[in-house]
Amino acid sequence: MTKQKNTLDTELLYQKLRLKYLHSEKQLEKKHPNAVLFFKNKQLPPGKIRQHAARLLTSGALASSLLLASPQIIALQQAQGNAAYETVGDLNQSLSSELAQILPKKIVPLTADQETQLSHLFYKTYGIDAVPQLGSTRLNHCYGLIGAEQHLPRYPGDTLDQHEEYLRAGITPGLGAWGYFAPSKNKLTEDLVNKEKYYVAVQTLYLSDWVSRFKYLRDWYKYRKVIVTNPVNGKTVICDVADSGPSWWTGKHFGGSPEVMAYLELNVHMQKGPVVLYFVDDPEDKVPLGPLEPKS
Amino acid sequence: MTKIFYDHLIKIEEVCDELNNCELNVEEKEEFITLIDETIDNKMIDAILDMLPEEYHKTFLTQFHQAPYDKALIKFLKEKVSGDIDEIIEAKAKEIKKELLAEIKKSKKPKPKTLANLRK
């Protein structure tokens with residue numbers, strides 16, 4: 001049932017917020033005039049620092065920015081003065097090389113510097129805002145081992161043979177942490193099909209504030225978009241969080257759906273391998289789920 | 001969007017959630033969020049400069065202007081500020097959040113009475 005939204009006196013709220021803003025500006029100028037002068041000389045009002053930060057991040061993006069044109073397909077564009085990657089293989093190889101320079105040899109917590117470098121690398125390579133922390137939450141790991149998961153039941157009565165591929169992976173006997181994706185088969189949209197197809201499991205259960213902020217974090221993490229990169233081969237896929245786990249005693253830090261593991265080429269041998277997993281900051285939901293590949 | 005080095009401490013989602021629960025069009029919401037962001041950033045800069053000894057202001061502002069998202073800024077503040085910088089920023093953000101939520105609450109219009117209620 002849709003929650004009824006409140007009606008706001010928007011004019012009143014605008015006036016109040018504007019007053020607060022003007023007051024904060026005045027206070028800053030009164031107490032720290034040299035700081036305000038510093039920003040004035042840079043032609044930047046202090047309150048606009050966030051827009052300035054966004055411009056800096058945008059201008060840091062490299063020549064080959066990628067457009068996400070349709071689900072699972074993106075176009076490589078030639079940027080001004082720089083050669084674009086000829087094939088996705090070139091792109092993946094280049095990314096893999098750059099990741100090797102940033103990531104530690106062993107799976108250990110990353111330093112703040114490494115985390116920042118990875119964010120810049122993702123933005124430079126894909127034009128995607130990828131961060132280890134989004135808002136007030138971060139996972140216990142952003143670089144760790146991913147293991148193979150089974151298909152998840154998408155609606156009551158969903159069976160393994162209804163899923164398209166990788167049936168050998170099987171289907172979980174129970175539901176994912178957020179239950180069914182759809183209340184019935186005929187309400188299963190293409191979007192929800194993709195959410196199950198490209199799902200990952202993350203260790204929300206081990207977040208220090210999972211219990212104290214459960215109500216907020218449970219909703220926040222549901223289908224939360226993440227970027228998952230295999231540093232060995234540079235293959236990258238945009239996924240969503242649809243399950244919780246794996247348990248710490250497995251030695252793994254994330255779980256990947258059969259499709260995710262197959263794309264990353266980790267559905268072989270021990271069916272696990274190292275990945276970088278970052279949140280995708282995409283408030284307008286423009287980044288589609290699926291592999292990041294050039295148009296054929 | 002995480003763009004400033006202290007964003008992980010300010011936990012302002014509750015304010016955004018409150019706006020999401022209101023009938024606003026996209027432009028109105030964007031405008032409010034911009035005002036909220038700019039107010040918070042002014043107050044954060046104010047609070048940080050209050051705590052940071054004046055001799056380090058120029059260094060901090062220069063680095064802040066060059067890379068506002070750089071986590072090294074937190075490290076710098078931890079070295080130069082006496083007291084727990086994380087706690088201080090969190091407390092300031094909590095104070096601002098409380099004020100903003102109060103303004104949003106005051107601006108809510110009462111819900112129209114339902115026919116069922118009128119019949120009671």
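On a predicted model such as this, the values are computed, not experimentally measured, just so you know.

Draft legend 1. Region of interest: the overall build of chain A. A tally of regular secondary structure across chain A gives 8 helices and 12 strands. Split into buried and exposed, the 296 residues of chain A put 50% on the buried side. Sequence separation of at least 24 residues holds for 71% of the intrachain contacts in chain A that already meet a minimum separation of 6. Surface summary for chain A: the accessible area is close to 15,100 Å², and the carbon and sulfur share equals 52%.

Draft legend 2. Examining the overall build of chain B more closely. For chain B, the helix and strand inventory stands at 7 helices and 0 strands. Written out in order from the N terminus, the α and β elements of chain B read α-α-α-α-α-α-α. Within the structure as shown, chain B displays about 6,500 Å² of accessible surface, and the carbon and sulfur contribution to it stands at 50%.

Draft legend 3. Looking closely at the interface of chain B and chain A. Chain B puts 53 residues into the contact, and the matching count from chain A is 49 residues. Interface area, chain B with chain A, both sides summed: about 5,100 Å², of which 62% is carbon and sulfur. Between the two partners, chain B and chain A, sit 8 salt bridges. A salt bridge links A:Lys20 to B:Glu103; the shortest N-O distance between them is 3.8 Å. Sorting the residues of the side of chain B that touches chain A by element identifies helix H1 (7-10), helix H2 (13-20), helix H3 (26-51), helix H4 (57-66) and helix H6 (85-106) of chain B as the ones contributing at least two each. In terms of residue count, the dominant contributor to the side of chain B that touches chain A is H3(B) (16 residues). When its residues are assigned to classes, the side of chain B that touches chain A shows 19 nonpolar, 12 polar and 22 charged.

Draft legend 4. A look at the packing of H2(B) against H6(B). All names here are of chain B. Taken N-terminus to C-terminus, the directions of H2 and H6 make an angle of 10 degrees; their axes are 9 Å apart at the nearest point. Compared by their axis directions, H2 and H6 come out roughly parallel. On the side of H2, the interface is formed by Glu14, Val15, Glu18 and Leu19, while H6 contributes Lys97, Leu100, Leu101 and Ile104. Here the residues of the contact of H2 with H6 sort into 5 nonpolar, no polar and 3 charged.

Draft legend 5. A look at helix H7 (residues 214-221) of chain A. All names here are of chain A. Every buried residue of H7 is accounted for by Leu217, Trp220 and Tyr221. When H7 is viewed along its axis, its buried side chains cluster within an angular range of 85 degrees and face the same direction. For H7, the exposed residues lying more than 90 degrees away from the buried face are Lys215 and Asp219. With its phi angle positive at about 60 degrees, Tyr223 sits one or two positions after the end of H7.

Draft legend 6. Spatial organisation of the pairing of strand S11 (residues 272-280) of chain A. Residues and elements named next belong to chain A. Burial within S11 is extensive, with 7 of its 9 residues counted as buried. When strand S3 (residues 130-131) meets S11, the two strands line up antiparallel, connected through 2 bridges. Along S11, the bridge assignment pairs Val131 with Phe279. Looking at chain direction, strand S6 (residues 143-148) and S11 are connected through 5 bridges and run antiparallel. Looking at the pairing, Gly144 lines up with Val275 of S11.

Draft legend 7. View of a nonpolar patch on the surface. All names here are of chain A. Taken together, the side chains of Leu205, Tyr206, Trp248 and Trp249 define a hydrophobic patch exposed on the protein surface, amounting to about 520 Å² of accessible area. Its place among the elements puts Trp248 in the loop between strand S9 (236-244) and strand S10 (254-256). In this structure Trp248 comes out as exposed when scored by relative accessible area, which is 64%.

Draft legend 8. Region of the structure containing the pattern of salt bridges. For the coordinates displayed, the defined rule picks out 24 salt bridges over all chains. Close ionic contact of A:Lys225 with A:Asp282 constitutes a salt bridge, the shortest N to O distance being 2.7 Å. Of the two residues, A:Lys225 sits in strand S8 (residues 225-229) while A:Asp282 sits in the loop between S11 and strand S12 (290-291), which places them 57 residues apart along the sequence. An identical accessibility class is assigned to A:Lys225 and A:Asp282; each is buried. Note that A:Glu265 and A:Lys235 form a salt bridge whose closest N and O atoms lie 3.1 Å from each other. Separated by 30 residues along the polypeptide, A:Glu265 in the loop between helix H8 (258-263) and S11 and A:Lys235 in the loop between S8 and S9 bring together distant segments of the chain. Overall, A:Glu265 belongs to the partly exposed group, its relative accessible area being 45%. Several salt bridges share partner residues, and in doing so they unite A:Lys16, A:Lys20, B:Lys43, B:Glu99, B:Glu103 and B:Lys106 into one network.

Draft legend 9. Region of interest: unusual backbone geometry. Residue and element names in this part refer to chain A. With an omega of -5 degrees, the peptide bond between Gly245 and Pro246 qualifies as cis. Within the secondary structure, Pro246 is located in the loop between S9 and S10. A positive phi angle, close to 55 degrees, is found at Gln271, a residue other than glycine. Within the element layout of this structure, Gln271 appears in the loop between H8 and S11.

Draft legend 10. Layout of helix H6 (residues 190-197) of chain A. Residue and element names in this part refer to chain A. Most of H6 sits out of view: 6 of its 8 residues are buried. Buried within H6 are the following residues: Leu192, Val193, Asn194, Lys195, Glu196 and Lys197. Looking at the packing, one finds that the buried side of H6 touches strand S7 (199-202), S9 and H8.

The rules behind the values
Residues numbered from 1 in each chain as written. Chains lettered and ligands numbered in written order. Predicted model: local features only at pLDDT ≥ 70, side-chain atom pairs only at ≥ 80, totals over all residues. Heavy atoms only, no water. Helix = DSSP H or I, 4+ residues; strand = E, 2+ residues; numbered from the N terminus. Buried < 20%, exposed > 50% of the residue type's maximum accessible area, 1.4 Å probe, protein only. Contact = heavy atoms within 4.5 Å. Areas by Shrake-Rupley, 256 points an atom, 1.4 Å probe, with all protein chains shown as cover. Buried area = accessible area lost by both parts, 1.4 Å probe. Salt bridge = Lys/Arg side-chain N within 4 Å of Asp/Glu carboxyl O. Nonpolar A, V, L, I, M, F, W, Y, C, P; charged D, E, K, R; others polar. Axes fitted to C-alpha atoms, helices over the stretch in contact; angles between N-to-C directions. Parallel < 35°, antiparallel > 145°, perpendicular 65-115°, else oblique. Arc of directions from axis to C-beta. Pairing = 2+ DSSP bridges. Patch = residues over 30% accessible without salt bridge, like charges linked within 9 Å, V, L, I, M, F, W, Y side chains within 5 Å.

Scope: geometric values only; no functional claims are made or implied.
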